[in-house]
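# Descriptive structure summary
Letter by letter, the chains look like this.
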Amino acid sequence: MPDQHPPDSDFDLRARAELALAFDPGQPPAQLFRHTPLWSRRGVQRAVAALLLAATGTTAVLAMRPPALVRDAIEHEYYERTLRGNFIDSSKVLQHLGLSPEQALPGYPQLIRPCDIDGHLAYHLTTFFEKGGMVTVFAFDDAISLPDASGWWGNVYWQVITARNGKPLVLVAQKEKALGVAQAALQAAPPSLAPSVTNLRKPTATAPRGPFVFPITPTSQETP
């Protein structure tokens, strides 16, 4: 289709040249560009995604994190994992475990000693269960507040249970199955005592008794 506009006159050519010299060439005005929202930029999206991922990971770690006393017990168990021996009377350990003094320590004891856990006196018992494995039990001397819970921390399994005396016990093991076996042994009902038979005597045969006769003693006669 032929151009229907008339050809440029000399005035038009002169005006166009003067306008080209009056304004410096450059970028077009900013309002002519398309506006991109801040949230739709790639850099902002990557930063927000990284923050959300970090927040999710931090929340998961904090949710799995045990109390400070349990963390110190786990660290203590790590450094004394290969220690063996009996450094305290077992009756005192049984008392703090909530067991009867007449009972034996559960499992096959490997280590019995007093220790310090975060400024608290604790009784350290490392024992072996045939159907579970090695378990370390911490019984505290003073009254502490620890809710019953369990989890995995520091490459070991941990569990807080309540003993029969009402005090919390901290259990640490490398196998989760061992915690269940130890809990069953520590929270089991005390063995029932057999009825005493010392007073059940067999009656002995006695000779039949006849009628009771009062003895008569002769009296002395007076002489006239």
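None of these values were measured; they are calculated from a predicted model.

### A few points about the confidence of the model for the protein chain
- Predicted confidence across the protein chain gives a mean pLDDT of 80, with 73% of residues reaching 70 or more.
- Predicted confidence in the protein chain is weakest over helix H2 (residues 42-64), with a mean pLDDT of 71, and strongest over strand E7 (residues 168-173), with 97.
- When the criterion is pLDDT under 50, residues 193-208 qualifies, and its contacts beyond four places in sequence or with other chains add up to 0 contacts.

### Quick word on the pattern of salt bridges
- This structure, assessed with the given rule, holds 2 salt bridges.
- Between Arg 81 and Glu 77 there is a salt bridge; the shortest N-O distance is 3.0 Å.
- Put simply, Glu 80 and Arg 113 hold a salt bridge, and the shortest N to O gap is 2.7 Å. With Glu 80 in the loop between helix H3 (68-79) and strand E1 (85-86) and Arg 113 in strand E2 (residues 108-117), this residue pair connects regions lying 33 residues apart in the sequence.
- According to the relative accessible area criterion, Glu 80 is buried, its value standing at 15%.

### Focus on the pairing of strand E3 (residues 120-129)
- Across the 10 residues that make up E3, a large majority, 7, are buried.
- Sheet topology note: the E2/E3 ladder contains 9 bridges and is antiparallel. Looking across to E3, one finds that Pro 114 is bridged to Tyr 123.
- A loop of 2 residues connects E2 with E3, the two strands running antiparallel in sequence, and Asp 118 in this loop sits at a positive phi of about 55°.
- As paired strands, E3 and strand E4 (residues 133-140) are joined by 8 bridges and run antiparallel to one another. Among the inter-strand pairings, Thr 126 is bridged to a residue of E4, identified as Thr 136.
- Turn length for the E3-E4 hairpin, with the two strands adjacent in sequence and antiparallel, is 3 residues.

### Thoughts on a nonpolar patch on the surface
- Together, Tyr 108, Phe 128 and Met 134 line one region of the surface with nonpolar side chains, adding up to about 270 Å² of accessible area.
- Here Phe 128 lies in strand E3.
- In this structure Phe 128 comes out as partly exposed when scored by relative accessible area, which is 30%.

### A word on H3
- A rise of 1.5 Å per residue sets the reference length of H3, with its 12 residues, at 16 Å; its end C-alpha atoms lie 17 Å apart and thus fit the reference within 8%.
- When H3 is considered as a whole, its buried residues turn out to be Leu 69, Val 70, Ala 73, Ile 74, His 76 and Glu 77. Projected onto a plane normal to the axis of H3, the buried residues spread over an arc of 165° and lie on a single side. Away from its buried face by more than 90 degrees, H3 exposes Tyr 78 and Tyr 79.

About the thresholds
Residues numbered from 1 in each chain as written. Predicted model: local features only at pLDDT ≥ 70, side-chain atom pairs only at ≥ 80, totals over all residues. Heavy atoms only, no water. pLDDT = per-residue confidence, 0-100. Helix = DSSP H or I, 4+ residues; strand = E, 2+ residues; numbered from the N terminus. Contact = heavy atoms within 4.5 Å. Salt bridge = Lys/Arg side-chain N within 4 Å of Asp/Glu carboxyl O. Buried < 20%, exposed > 50% of the residue type's maximum accessible area, 1.4 Å probe, protein only. Pairing = 2+ DSSP bridges. Patch = residues over 30% accessible without salt bridge, like charges linked within 9 Å, V, L, I, M, F, W, Y side chains within 5 Å. Areas by Shrake-Rupley, 256 points an atom, 1.4 Å probe, with all protein chains shown as cover. Expected span 1.5 Å × (residues − 1). Arc of directions from axis to C-beta.

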